[in-house]
Amino acid sequence: MAEEAVRLLVRFGRRYAAAVRLATLAPICVIALSRASPEHAPTTAYVVAAAAAWTCGYAWWLRRGRGSGPVALDVAVLLGLFASVFWTGAVEDRNTGWLRLLLTFACVTCQWHTPPLVGGAAALAAGGGAVVLLIAAGAVELDATLVTGTAWAMPAAALSRAAWVLVKRAAERADRMAAEAVQARGESLVAAAARAEERELANALHDTAATTLLMVGIGQVRSDADWLAPQARRDLDWLRSDSGRASPYADLVDLLRADLDATHLTVEFDAPARLRLPFDAARAIADATRETLTNVRRHAGTTRATVRLRGNEGALRLDVIDRGKGFSPTDVPATRRGIRESVSGRMTRVGGTATITSTEGEGTLVRLEWRIGDARLVMSDGDE
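A quick note: this is a predicted structure, and the numbers were derived from the prediction, not measured.

Asker: Help me understand the overall build of the protein in this model?
Answerer: A count of helices and strands for the protein gives 14 helices and seven strands. Going through the 384 residues of the protein one by one, you find that 40% of them count as buried. In the protein, 73% of the contacts between residues at least 6 apart in sequence involve partners at least 24 apart. Only carbon and sulfur atoms are counted for the fraction: they give 61% of the accessible area of the protein, which is about 20400 Å².

Asker: I tried to follow the pairing of strand E6 (residues 352–358) on my own but got confused; where do I start?
Answerer: Within a regular strand, the side chains alternate between the two sheet faces. Here E6 runs beside strand E7 (residues 364–371); their pairing, made up of seven bridges, is antiparallel. Within E7, the position partnered with Thr 355 by the bridge is Arg 367.

Asker: Looking at this structure, how should I read the environment of Leu 368?
Answerer: One can find Leu 368 in strand E7. Residue Leu 368 is classed as buried on the basis of its relative accessible area of 0%.

Asker: In this structure, what is going on with the sheet that holds E6? I would like to understand it.
Answerer: The strands making up a sheet are joined through hydrogen bonds of the backbone, oriented either antiparallel or parallel. Taken in spatial order, the five strands line up as E2-E4-E5-E7-E6 in an open sheet, and their pairing is mixed. What marks the edges here is a single partner per strand, and that holds for strand E2 (266–270) and E6. With strand direction ignored, the average angle separating the axes of adjacent strands in the sheet is 15 degrees. Alignment of strand E5 (residues 315–322) against E7, held across eight bridges, turns out to be antiparallel. Residue Asp 319 lies in a different strand from E7, and its bridge partner there is Arg 367. With respect to the sheet, helix H11 (residues 252–260) is in contact with E2, strand E4 (304–311) and E5, its orientation differing from that of E2 by roughly 170 degrees. In this fold helix H12 (residues 279–299) packs onto E4, E5 and E7, with an angle of close to 10 degrees to the strand it touches most, E5.

Asker: Explain empty space enclosed by the protein to me, please; I cannot follow it from the model alone.
Answerer: Any empty space left between the atoms is revealed when a probe the size of a water molecule rolls over them. For the coordinates displayed, the defined rule picks out three cavities of 30 Å³ or more. Computed from the structure, the largest cavity encloses a volume of approximately 80 Å³. Considering the residues around the largest cavity, the lining is formed by 13 residues, among which Asp 74, Val 75, Ala 106, Cys 110 and Ala 122 are closest to the centre. Secondary-structure elements contributing two or more residues to the lining of the largest cavity are helix H3 (71–83), helix H5 (97–110) and helix H6 (116–136). At four residues, H3 tops the list of elements feeding residues into the lining of the largest cavity. Taken together, the residues that form the lining of the largest cavity break down as ten nonpolar, one polar and two charged. Within this model, the second largest cavity holds a volume of roughly 50 Å³. Elements with a minimum of two residues in the lining of the second largest cavity: helix H2 (41–64) and H5.

Asker: How should the packing of H11 against H12 be read in this particular structure?
Answerer: Look at H11 against H12: their axes get within 9 Å of each other, and the N-to-C directions meet at 25 degrees. Judged by the angle between their axes, H11 and H12 are roughly parallel. You can see that H11 and H12 cross each other, and the crossing is right-handed. Two secondary-structure elements touch here, H11 through Leu 252, Leu 255, Leu 256, Asp 259 and Leu 260 and H12 through Ala 282, Arg 283, Ile 285, Ala 286, Asp 287, Thr 289, Arg 290 and Leu 293. Split by residue class, the contact of H11 with H12 holds eight nonpolar, one polar and four charged.

Asker: Looking at this model, I keep getting lost on the environment of Val 332. Mind explaining?
Answerer: Topologically, Val 332 is positioned in the loop between E5 and helix H13 (337–349). With sequence-adjacent residues up to four places away left out, Val 332 is seen in contact with Phe 327 and Ile 339.

Asker: Looking at this model, I keep getting lost on the pattern of salt bridges. Mind explaining?
Answerer: Pairs may arise between side chains of opposite charge once their charged atoms sit close together. Under the counting rule described, the total for this entry stands at 14 salt bridges. With a shortest N-O distance of 3.8 Å, Arg 317 and Asp 319 are connected by a salt bridge. For Arg 317, a relative accessible area of 35% corresponds to the partly exposed category. Residue Asp 319 is classed as buried on the basis of its relative accessible area of 4%. Salt bridges sharing partners connect three or more residues here, namely Asp 259, Arg 283, Asp 287, Arg 290 and Arg 346.

Asker: Just checking my understanding: could you explain the side chain of Arg 21 for this structure?
Answerer: Position of Arg 21 among the secondary structure elements: in helix H1 (residues 4–35). Among the residues examined, Arg 21 registers a relative accessible area of 6% and is labelled buried.

Asker: Please clarify how the nonpolar core should be interpreted in this entry.
Answerer: It is characteristic of soluble globular proteins that their nonpolar side chains tend to be buried jointly. If you look at the biggest cluster of nonpolar residues, it comprises 47 residues, and the most contacted ones within it are Trp 98, Leu 102, Leu 103 and Leu 134. Elements with a contribution of two residues or more to this core: H1, H2, H3, H5, H6, helix H8 (145–151) and helix H9 (153–217). Ranked by the residues each element gives to this core, the list is headed by H1, at nine residues. When neighbours within four sequence positions are excluded, Leu 102 is seen to be in contact with Ile 28, Ala 51, Thr 55, Leu 78 and Leu 81. The next biggest cluster of nonpolar side chains, apart from the first, holds 32 residues, and it includes Ala 281, Ala 284, Leu 309 and Val 320.

Asker: For this particular structure, what's the right way to read the environment of Ala 273?
Answerer: Examined against the element boundaries, Ala 273 turns out to sit in the loop between E2 and strand E3 (276–278). Under the relative-accessibility criterion, Ala 273 is labelled exposed at 69%. The sequence separation of Ala 273 and Asp 251 amounts to 22 residues, and the corresponding C-alpha distance is 9.5 Å. Excluding residues that lie within four positions of it along the chain, Ala 273 makes contacts with Asp 251 and Val 253.

Cut-offs applied
Residues numbered from 1 in each chain as written. Predicted model: local features only at pLDDT ≥ 70, side-chain atom pairs only at ≥ 80, totals over all residues. Heavy atoms only, no water. Helix = DSSP H or I, 4+ residues; strand = E, 2+ residues; numbered from the N terminus. Buried < 20%, exposed > 50% of the residue type's maximum accessible area, 1.4 Å probe, protein only. Contact = heavy atoms within 4.5 Å. Areas by Shrake-Rupley, 256 points an atom, 1.4 Å probe, with all protein chains shown as cover. Pairing = 2+ DSSP bridges. Axes fitted to C-alpha atoms, helices over the stretch in contact; angles between N-to-C directions. 1 Å grid on protein atoms, 1.4 Å probe; cavity = no way out; pocket = protein on both sides within 12 Å on 5 of 7 lines; lining within 4 Å. Points joined across faces, edges and corners; volume = space filled by probe spheres on them. Nonpolar A, V, L, I, M, F, W, Y, C, P; charged D, E, K, R; others polar. Parallel < 35°, antiparallel > 145°, perpendicular 65-115°, else oblique. Left-handed = near helix turned anticlockwise from the far one by under 90°. Salt bridge = Lys/Arg side-chain N within 4 Å of Asp/Glu carboxyl O. Core = buried A, V, L, I, M, F, W, Y, C linked by side-chain atoms within 4.5 Å.

Structure, rendered in structure tokens:
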């Protein structure tokens, strides 16, 4: 979510401001009552009760409300409490410390949930007003530190605002970094999807038109072979289509049967009547099987092969077996795409595996295996 760090910080500022004012309330009340002279104790108790009630109400509003809160009303109440020095004898008793603490914590915490202009104006109004009231009550003549101590509420508020600005800037920086990370991730996913599309197109070209043209070019088949023109038409139709994708699922057996007609091999096909899989998995397995049979036709020196499919919608194994001349898999050049991309690569991208077992003179077994759990794991890893 955009600006999530700032939003959480603002929420924290409101809640922490409420917590600080509530946490300091009890000690402040104890100081006020313990330092009041006996003749001023009753009136001081009334003022303390009013201060406690307002602080609790304001803290509740901070935790529940929105916006900056009734800051102007808070300033007015604080100045009203300071005005009580005229009838509680707080100046004579030198009992203004609790009012100073109440004011200081209010000015400091105000900076955590208000805009800078509002917070600064509130601190100046409350601090300056309190100083004026103390001077009017004769605090300077009695003890000047009563006034100077109260005046420190304004610098304390300024320092609090400075610290809050630094923290908020860090939150804004975190939000920008998060937004940039999301954008980069999106661009990476788009690039990965484009690369996957390009890779699949390259595989499709390799498996269809390129293979057909190569067999003609190297003289492996005659250019006037009766099956060549239909094969070229099928290759072109396959490249023009979206590989037949019409739903999220496909019948693997139907896809395999459709491709067997184009292999120009005698294939013994042993499979269940139906086997529905997620489309991407079914298409990848069928394409890998078709490419394997194409390799049999081109390289194995035989016209016969066996395709055996076992399993269900959760896990399957497909074997392509030929009794041709075989080969050494380790001797296949790295530049050859047939096994590396069109067979193994396709299976890997849908969470499956391809295992090639072959010995020269003894034929070849290509085993394709797929499990739904492995496919989901590949999808999950790709989304991170």
